[in-house]
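Fold and geometry: a report
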Amino acid sequence: MCGIVAYIGYREAAPLIIKGLKRLEYRGYDSAGIALLNDKGLNIYKKKGKVAELENELQHKEISANLGIGHTRWATHGEPNDINAHPHFSQSEHLAIIHNGIIENYAAIKTSLIQKGYTFESETDTEVLINFIEDVKKHKGCSTEEAVRLALSEVVGAYAIAVIDLEEPGQMIAARKGSPLVIGVGQNEYFFASDATPIIEYTKDVVYLDDHEIAVVKDGELAIKNLDNQEKGPFIQTVELELESIEKGGFEHFMLKEIYEQPKSIADCMRGRLNADTAHIQLGGLIHYIDKLATAKRIVFVACGTSWHAGLVGEYLFEELARINVEVEYASEFRYRNPIIEEGDFVIAISQSGETADTLAALELAKHKGATILGVCNVVGSSIARLTHAGVYTHAGPEIGVASTKAFTAQVSVLSMMAIATAKQKGTLTDEEYRSLLSEMASIPRKIEQILQLDEEIKDIAKLFTFASNFIFLGRGLNFPVALEGALKLKEISYIHAEGYPAAEMKHGPIALIDEDMPVVFIAIKDSSYEKVMSNIQEVKARKGRVIAIVNEGDETVRNMVDFAIEIPNSHEMVSTLLTCIPLQLLSYHIAVMRGRNVDQPRNLAKSVTVE
Ligand code: F6R
């Protein structure tokens, strides 16, 4: 969590850093700050609240500088306030730091620094780190670069940092372990950021720093070294990210834009991989693994949040189509059990950001235990993508709204293609079933276009439920994970308490909650559970619950039973989740907007959860 941006070059650093921080606000937005170094000195400005508040604060200040570091925070150590906001000075105020991550052994370091006479203003682990660096520098009589290296060798935890030094106005030092850091390489200028979005309008040439690496810009030259001080040439890559894709493009919110992008993002995800006309499916990233996957004894999906829901859909798909035993694990639980991994097991991480700390750690554990590890990630070059033996990118484009929408449908699309390709390889699908699935997949973007036309209708329904205090979402089979996802979407952006359940589980407890004030959303499409779900609807109606149902076109039977029916196109059951989730995204979005919530940046959340 937290976003960092730093700049060294010839441009005005402050406006560039502020603009970059706004792009990174999805990573945290409880306070922000900037340190600027010019010939008058090293100054820090910071403010509780969003980057815009920091921007206001800077308005009448003398802030001209060509070197600076900036930070937007998601609090871990210490409440969000001006003092805990980054950057932090060292005691002498000669060094300043920004940090994304957690220094786990900060308490022990802090105690020893206090014994040496250091005092601390903030409650952060970051202030401890910068004073530790200063202390090493003082006692070893070494350069700041050397002090950063030595200090980091003793630090336990995760970090992406940038450090500047009043005495070295031509220098920027950055390092990473476990938290992402990208360096933009321009002409006589360098940009540092948590992802490429603050950089791409200046340069497309980037270096992805690896764990345990330090980048130093000195006198206009960039050097990359490891913690043993061995230098390696910067590996410059071209980032394929267009500016338009990270802007709102006329939509009121990124979330709405991303919901509307799904016909395209799913088409992009399938492009060059799935061809219904030639009945061909091929996932380039898995070319050397598909045989092995087809004979896998077990697949374990590890993921968090929405990505975990995609994993649950994957479970149904792989079991049904490829007849492979599948487990879906919360990465945070998997990593702290002593999971049994046997030969022939595949562990597949699903992650939009590719940086989620728990998912990354679960994958490291699985790799260590000898599993073949694969990744389904959206962010190209992310830590998870780089750790895995192989994988499939979702190609959904940047997802900026904190609530995941298009990344979820792209994950489900990838998992569907993987399951179909594996089943084909294994021979568990007839030719006819295979062809039919491919053409059903190919028709998804068009069908989503159709569902998006129901936006006004869904908004009208949302109006009636804006002030509900609770919601229940029910579905069965493949659409049980969609019920979970519908509930998660609603709670995270509207702050309405919502629960997702398998529809049949309702009578084992949640049914006690049903009365005339309880809205219940059913996914009641014509799949193999249709009749059973209808019975569950009757059970809710008998207790006066108010039912909104997602149904197939022309389904008068369910329409007549429920208060509101949202009709979606018919589809093969195996691909239906890609359609049923869309009205639920829109419903949550409109309810949240009507409640006046900040849907793109809901409270307490961050897009990329790089702490445990
Ligand atoms: C919910 C949401 C989160 C993420 C979760 C995992 O809308 O976005 O639940 O799905 O934090 O993130 P990734 O997929 O980046 O690993």
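Positions within a chain are numbered from 1, following the residues in the order the chain's sequence is written. This being a predicted model, a pLDDT of at least 70 is required before a residue's local features are given, and a value of 80 or more before pairs of side-chain atoms are given or counted; all residues contribute to the totals for chains, interfaces and linings. Where side-chain values are given, they derive from all heavy atoms of the structure, hydrogens and water being excluded.

For the rest of this paragraph, the subject is the nonpolar core. By size, the foremost hydrophobic cluster in this structure holds 94 residues, and its most contacted members are Phe 318, Met 418 and Phe 471. Domain segmentation is taken from an automatic or database assignment of domains. Both domains that furnish three or more residues to this core are identified here as domain 2 (248–452) and domain 3 (454–612). Throughout, nonpolar core names a set of buried Ala, Val, Leu, Ile, Met, Phe, Trp, Tyr and Cys residues whose side chains join them through atoms within 4.5 Å. Relative accessibility thresholds used throughout: buried, under 20% of the residue-type maximum; exposed, over 50%; partly exposed, between the two (1.4 Å probe, protein chains only). One finds Tyr 26, Val 182, Ile 200 and Tyr 208 within the second-largest nonpolar core, a separate group that totals 34 residues.

Before going further, it helps to examine the environment of Ile 582. Note that Ile 582 resides in helix α20 (residues 577–594). According to the relative accessible area criterion, Ile 582 is buried, its value standing at 0%. Residues Ile 582 and Arg 271, 311 residues apart in the sequence, show an inter-C-alpha distance of 21 Å. Look past the residues within four positions of Ile 582 in its chain and what remains in contact with it is Gln 262, Thr 409, Ile 448, Ile 451 and Leu 452. Put simply, DSSP marks the helices as runs of H or I at least four residues long and the strands as runs of E at least two long, and each gets a number from the N terminus on. In what follows, a contact means two residues having at least one pair of non-hydrogen atoms within 4.5 Å.

The next point concerns unusual backbone geometry. His 86 connects to Pro 87 through a cis peptide bond whose omega is 0°. Its place among the elements puts Pro 87 in the loop between β4 (67–73) and β5 (88–89). Positive phi outside glycine occurs at Asn 229, with the angle close to 70°. Here Asn 229 is to be found in the loop between β13 (221–226) and β14 (231–232). Positive phi outside glycine occurs at Lys 544, with the angle close to 70°. For Lys 544, the location among the structural elements is in the loop between α18 (530–542) and β26 (546–552).

A word on the sheet that holds strand β12 (residues 213–218). A pair of strands is labelled paired if DSSP reports no fewer than 2 bridges between them. Reading across the sheet, the 7 strands line up as β5-β6-β7-β8-β12-β13-β14 and stay open at both edges, with antiparallel pairing between neighbours. Every interior strand has two partners, whereas the edge strands, β5 and β14, have only one. Looking at chain direction, β5 and strand β6 (residues 95–103) are connected through 2 bridges and run antiparallel. The partner of His 88 across the bridge, within β6, is Ile 97.

Bringing the domain arrangement of the protein into the picture now. Here the protein is partitioned into domain 1 (3–244), domain 2 (248–452) and domain 3 (454–612). Relative to domain 3, the C-alpha centre of domain 1 lies at a distance of 43 Å. Across the boundary between the two partners, domain 1 contributes 14 residues, which contact 12 residues of domain 3. Summed over both partners, the accessible area (1.4 Å probe) lost when two parts come together is defined as the buried area. Taking both partners together, domain 1 and domain 3 bury about 950 Å²; carbon and sulfur atoms supply 51% of that area.

On to the packing of helix α14 (residues 431–442) against helix α15 (residues 444–452), then. To get an axis, a line is fitted to the C-alpha atoms, and for a helix only the part in contact is used. The angle between two axes follows their N-to-C directions and goes from 0 to 180 degrees. Orientation of α14 relative to α15, taken along the N-to-C sense of each, is 40°, at an axis distance of 5 Å. Here α14 lies oblique to α15, going by the angle between them. Counting all contacts with α14, which are made through Glu 440, Met 441 and Ala 442, the residues of α15 involved are Ile 444, Pro 445 and Lys 447. Residues that form the contact of α14 with α15 fall into these classes: 4 nonpolar, no polar and 2 charged. Throughout this description, any angle smaller than 35 degrees is read as roughly parallel, any larger than 145 degrees as roughly antiparallel, any in the 65 to 115 degree range as roughly perpendicular, and the remainder as oblique. The nonpolar class holds Ala, Val, Leu, Ile, Met, Phe, Trp, Tyr, Cys and Pro. Asp, Glu, Lys and Arg form the charged class, and all remaining residues, Gly among them, are polar.

What follows is about the pairing of strand β1 (residues 3–8). The buried fraction of β1 amounts to 6 of the 6 residues, a majority that puts the element mostly inside the structure. Neither face of β1 is exposed, since Gly 3, Val 5 and Tyr 7 on one face and Ile 4, Ala 6 and Ile 8 on the opposite face are all buried. Two elements, β1 and β4, share 6 bridges in a ladder whose sense is antiparallel. What sits directly across from Tyr 7, in β4, is Gly 68. Examined bridge by bridge, β1 and strand β10 (residues 190–193) share 4 bridges and lie antiparallel to one another. When the sheet's bridge partners are listed, Ala 6 is paired in β10 with Phe 192.

Salt bridge, as applied in this entry: a Lys or Arg side-chain nitrogen positioned within 4 Å of an Asp or Glu carboxyl oxygen. Tallied over the entire structure, the rule returns 30 salt bridges. The salt bridge partner of Lys 406 is Glu 261, with a shortest N-O separation of 2.7 Å. Remark: Glu 261 occurs in the loop between α6 (254–260) and α7 (262–270) and Lys 406 occurs in helix α13 (residues 406–426); sequence separation between them is 145 residues. Here Glu 567 ties to Arg 559 by a salt bridge, and the two come within 3.0 Å at their closest N and O atoms. Taken together, the shared-partner salt bridges in this structure form one network comprising Lys 19, Arg 23, Glu 201 and Glu 247.

Distances are taken per atom, and a residue is near a molecule or strand as soon as one of its heavy atoms is within 4 Å of it. With respect to spatial proximity, 14 residues lie near the ligand, and among them Ser 307, Ser 351, Ser 353, Thr 356 and Glu 492 are the closest. A 3.5 Å cut-off defines polar contacts: any pair of N or O atoms within that distance qualifies, except that in protein one atom must be a possible hydrogen donor and the other a possible acceptor, and neighbouring residues in sequence count only when both atoms are side-chain atoms. A distance of 2.6 Å separates an oxygen atom of the ligand from a polar side-chain atom of Ser 351. With respect to the ligand, the backbone of Val 402 contributes an N or O atom lying 3.3 Å from an oxygen atom. In short, Shrake-Rupley with a 1.4 Å probe defines the accessible areas, and a residue's cover is counted only from the protein chains shown. In the complex, 90% of the free accessible area of the ligand, which totals 400 Å², lies under the protein chains. Contributing elements (two or more residues each) for the shell around the ligand: α9 (305–322) and α17 (479–494). By residue class, the composition of the shell around the ligand is 4 nonpolar, 8 polar and 2 charged. Each of domain 2 (248–452) and domain 3 (454–612) accounts for three or more of the residues forming the shell around the ligand.

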